[in-house]
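Given next are the chains, with one letter for each unit.
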Amino acid sequence: MKVHYSSRITLISICIFLFAILLVGKLYWLQVVNNDVYIQKADRQYLSTNGTLYSRGSIFFRDKSGTLVSAATLQSGFTVAINPEILKNPEQVYNSLSGIISLDRVVFFAKAKKQSDPYEEIAKRVSTDVGSKISALKIPGLSVYKDRWRFYPGESSAAQVVGLLGFKGNDFAGRYGLERQYNPTLQRSDNTYVNFFAQIFSDIGNAIATTSIAEGDIITSIEPTVESDLEQELATTTKKWNSDYSGGIIMNPTTGEIYAMANFPSFNPNNTEKQKNISVFSNPLVENVYEMGSIIKPLTLAAGIDTGVVTASSTYYDPGYVIVNNKKISNFDGKFRGIVDIQTMLAQSLNVGAAHIESLVGNKRFADYMKSFGLGSKADIDLPNESHNLLDNLKSPRDIEYATASFGQGIALTPISTIRALASLANGGVLVTPHVVSRIVYKTGLFKDTPVETTPSLIKKSSATEVTRMMVWDVDHALFGGTVKLPQYSVAAKTGTAQIAVNGKYSESQILHSFVGFFPAYNPKFFIFLYTVNPKGVKYSSETLTMPFIDLTKFLINYYEVPPDR
């Protein structure tokens, strides 16, 4: 009998213990996980009867010290509405309101005349102070209702990265940028009006499976000061050269973390209704493809060095042009140079030299190298609508397509896949996955960090290092005649100028300028990609983008206090 009672006591104790654990867990769920939702419930006396307060997770930038800076949050205020059925004197109400808020007289009286309609909104997103003043009027038929809406404190800062919300049919959700990519995490489900004890005894497995488990906030790697500096450089460049648009990325080439990603022109997601050109909402750095031009030459050179067909001191004969499959390939100036070494070929960005290296590597092997740099697939950045690169020319039976691809024409690449490929030269031959989200913090208190994902490319580390050395030599001796050299820092860079294809033919007037560089070159912390589309009155990217790159480099060195490496 003692054993029997002892078993009962043990069983009861276990049940009490499990109930206590479940109760504590439920209290945690209510007071921590769903705290904001129940705060809303406490405020429901301010809400209209046909809705609840809007709720959505936040997006944050992160400065260099790790401090979070709000990029997308919620702002509270009021909606002002009238009840035409009981509004006695519309003229008096209008006069009283017009001294507090701006109202369209015609619209106000049109709504006031709807005698059969008990609810007409006359102002939205009214501040708390203004809402309080209107409420204090105590006019029958005039009401204020507590409201909450999406707000972007940084306004146009990293707008194409953060994205925005919009309607698709009756569904209001993320439509661009991170708002779209992480919509399942940022959106909030309304599951709070459930009996407390009934939910305690509900199936635990089903509770774990609810969507609120995955709800959370997004912390990005975007550094707001770096983002601002990049945006200023792009705006200045675009206006100076009257370009159609410009863009840039600053990334850590060893981790794939993106510190800044910007386009100019941009937009203010707080005020999209006045934006006539909705294409500005998209992110061309991820969604568009371009023939990049000579910034691809370092990849061609890497293939040549890695296969052993050339070295920096190797020479070739350069008459200024070469005929391939009855097509003429010329250098930028078409001038005869005679015997040229490969270092000079890179420094002067000679198309004939790049085609020469490709011919030594061989078409199939060259195509394999280009694909090993990740150009045959997406970069898998955590942003929506990433486009596929166009590499069909690397399947051609003709030599001409491979020759033009060697200097970045005939193949079209997204900027994000381009920076990923070229970053492998900076980090010793490894492909990193670019990303703008560094951490997801869930409502449960748990979090998930974005792992550093890498894939080895074909090239050996020694080959990547040699190409890096040659790119550093170019900056020290050739770029702007060596006048932009930083004596205490090794900086590797390459310019690119490409004709833009229009209706199947290369335009003589429409061009794309690009520029890539990284530093400190042999242990890089930053990789910069810049481009500007269709600049006017200038031929080469060395003229348009060298100084923006150098200015950004000096800023990053000072801002992050990067120690000298030479």
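Residues numbered from 1 in each chain as written. Predicted model: local features only at pLDDT ≥ 70, side-chain atom pairs only at ≥ 80, totals over all residues. Heavy atoms only, no water.

**Observations regarding unusual backbone geometry**
Note on backbone geometry: most residues besides glycine have negative phi, and most peptide bonds are trans.
Phase 1: With an omega dihedral of 5°, the bond running from F264 to P265 counts as a cis peptide bond.
Phase 2: Locating P265 in the fold gives a position in the loop between β9 (258-264) and α12 (284-287).
Phase 3: Of note, the bond from F519 into P520 is cis; its omega dihedral lies within 30 degrees of zero at -25°.
Phase 4: Examined against the element boundaries, P520 turns out to sit in the loop between β19 (505-519) and β20 (526-533).
Phase 5: The phi torsion at N242 lies on the positive side, around 55°, for a residue other than glycine.
Phase 6: If you trace the backbone, N242 turns up in the loop between α11 (224-241) and β8 (245-251).
Phase 7: The phi angle at N534 is positive, at roughly 60°, despite the residue not being glycine. (Helix = DSSP H or I, 4+ residues; strand = E, 2+ residues; numbered from the N terminus.)

**Let's talk about the packing of aromatic side chains**
Phase 1: Summed over all chains, the structure comprises 21 aromatic pairs.
Phase 2: When the ring of F526 is compared with that of Y560, the centres are 5.0 Å apart and the planes differ by 50°; the resulting orientation is tilted. Linking F526 in strand β20 with Y560 in the segment after α21 (546-559), this pair joins segments that are 34 residues apart in sequence.
Phase 3: When the centroid spacing of 5.2 Å and the interplanar angle of 85° are considered together, the rings of Y559 and Y560 count as edge-to-face.
Phase 4: Clustering of aromatic rings is evident, with ring pairs tying together Y259, F519, F526, F555, Y559 and Y560.
Phase 5: When the ring centre of Y321 is taken as origin, the NZ or CZ atom of K328, which lies over that ring, is 4.6 Å away.
Phase 6: The ring of F447 has R439 lying over it, and the distance from NZ or CZ to the ring centre is 3.8 Å. (Phe/Tyr/Trp six-rings, centres within 6.5 Å; stacked < 30°, edge-to-face > 60°. Lys NZ or Arg CZ within 6 Å of the ring centre and 35° of its normal.)

**Regarding the pattern of salt bridges**
Phase 1: If you walk through the whole model with that rule in mind, you get 18 salt bridges.
Phase 2: Between R188 and D217 there is a salt bridge; the shortest N-O distance is 3.4 Å. With R188 in the loop between α8 (183-186) and α9 (196-200) and D217 in strand β7 (residues 216-220), the pair connects residues that are 29 residues apart, well separated along the chain.
Phase 3: The class for D217 is partly exposed, based on a relative accessible area of 24%.
Phase 4: Shared partners join several salt bridges into a network, and the residues in it are R56, R150 and E179. (Salt bridge = Lys/Arg side-chain N within 4 Å of Asp/Glu carboxyl O. Buried < 20%, exposed > 50% of the residue type's maximum accessible area, 1.4 Å probe, protein only.)

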